[in-house]
Amino acid sequence: MKEFKVTYFFDEEHYIRRFIHVESQEKAEALIRSERDQYISFTDSRGIYHELHTGKVRVVQISEYFRVDKSKAKKAAND
């Protein structure tokens, strides 16, 4: 499974981000298209629950996300 970052922009300053796990970019795009013009709900990485009507979004961006283990990066910087 790959991790993808999906960002929903309402305007230049306001957005909501979620992470999804699917096999490919094509599957991620298909999921986002299937959710078009309907309510979706999800809990973000901070544990905050969101309900979003995708028809109210101006721009959606999808990109593969490569999560960095910050504890390992911090330890390497201190060595």
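Rules and cut-offs
- Residues numbered from 1 in each chain as written.
- Predicted model: local features only at pLDDT ≥ 70, side-chain atom pairs only at ≥ 80, totals over all residues.
- Heavy atoms only, no water.
- Helix = DSSP H or I, 4+ residues; strand = E, 2+ residues; numbered from the N terminus.
- Buried < 20%, exposed > 50% of the residue type's maximum accessible area, 1.4 Å probe, protein only.
- Areas by Shrake-Rupley, 256 points an atom, 1.4 Å probe, with all protein chains shown as cover.
- Pairing = 2+ DSSP bridges.
- Axes fitted to C-alpha atoms, helices over the stretch in contact; angles between N-to-C directions.
- Contact = heavy atoms within 4.5 Å.
- Polar contact = N/O pair within 3.5 Å; in protein donor to acceptor, adjacent residues only side chain to side chain.

Participant: Could you give an account of the overall build of the protein, naming the residues involved and the relevant values?
Facilitator: Across its full length, the protein carries two helices and five strands. Beginning at the N terminus, the succession of helices and strands in the protein can be written as β-β-α-β-β-β-α. Here the protein holds 79 residues, and 27% of them are scored as buried. When the accessible surface of the protein is split by element, carbon and sulfur atoms take 48% of a total near 6100 Å².

Participant: Lay out the sheet that holds strand S1 (residues 2-9) in plain terms, naming residues and giving numbers.
Facilitator: Sheet architecture is open: three strands sit in the order S2-S1-S5, paired in antiparallel fashion. One side of each edge strand has no neighbouring strand; the edge strands of this open sheet are strand S2 (15-22) and strand S5 (59-64). Direction aside, neighbouring strands of the sheet carry axes that sit 20° apart on average. Direction of pairing for S1 relative to S2: antiparallel, over a ladder of eight bridges. What sits directly across from Phe9, in S2, is Tyr15.

Participant: Pulling in residues and values, what's your account of the environment of Arg18?
Facilitator: Among the secondary structure elements, Arg18 is positioned in strand S2. Looking at Arg18, the relative accessible area reads 11%, which means it is buried. Through-space distance from the C-alpha of Arg18 to that of Ile62 is 9.8 Å; in sequence the pair is 44 residues apart. If we skip the residues at most four places from it in the chain, Arg18 touches Phe4, Lys5, Val6, Tyr8, Leu31, Ile32, Glu35, Ile40 and Phe42. Engagement of the side chain of Arg18 in a polar contact is seen with the side chain of Tyr8, the distance being 2.7 Å.

Participant: Let's hear about the side chain of Glu35: which residues, and what values?
Facilitator: Here Glu35 is to be found in the loop between helix H1 (25-34) and strand S3 (39-43). You can call Glu35 buried: its relative accessible area is 11%. Once you skip the residues sitting within four places of it in the chain, Glu35 turns out to touch Tyr8, Arg18, Ile40 and Thr54.

Participant: Outline unusual backbone geometry, supporting the account with residue identities and numerical values.
Facilitator: Negative phi is the rule for most residues except glycine; trans is the rule for most peptide bonds. A positive phi angle, close to 60°, is found at Asp37, a residue other than glycine. One can find Asp37 in the loop between H1 and S3.

On their own, these measurements won't tell you what the molecule is for.
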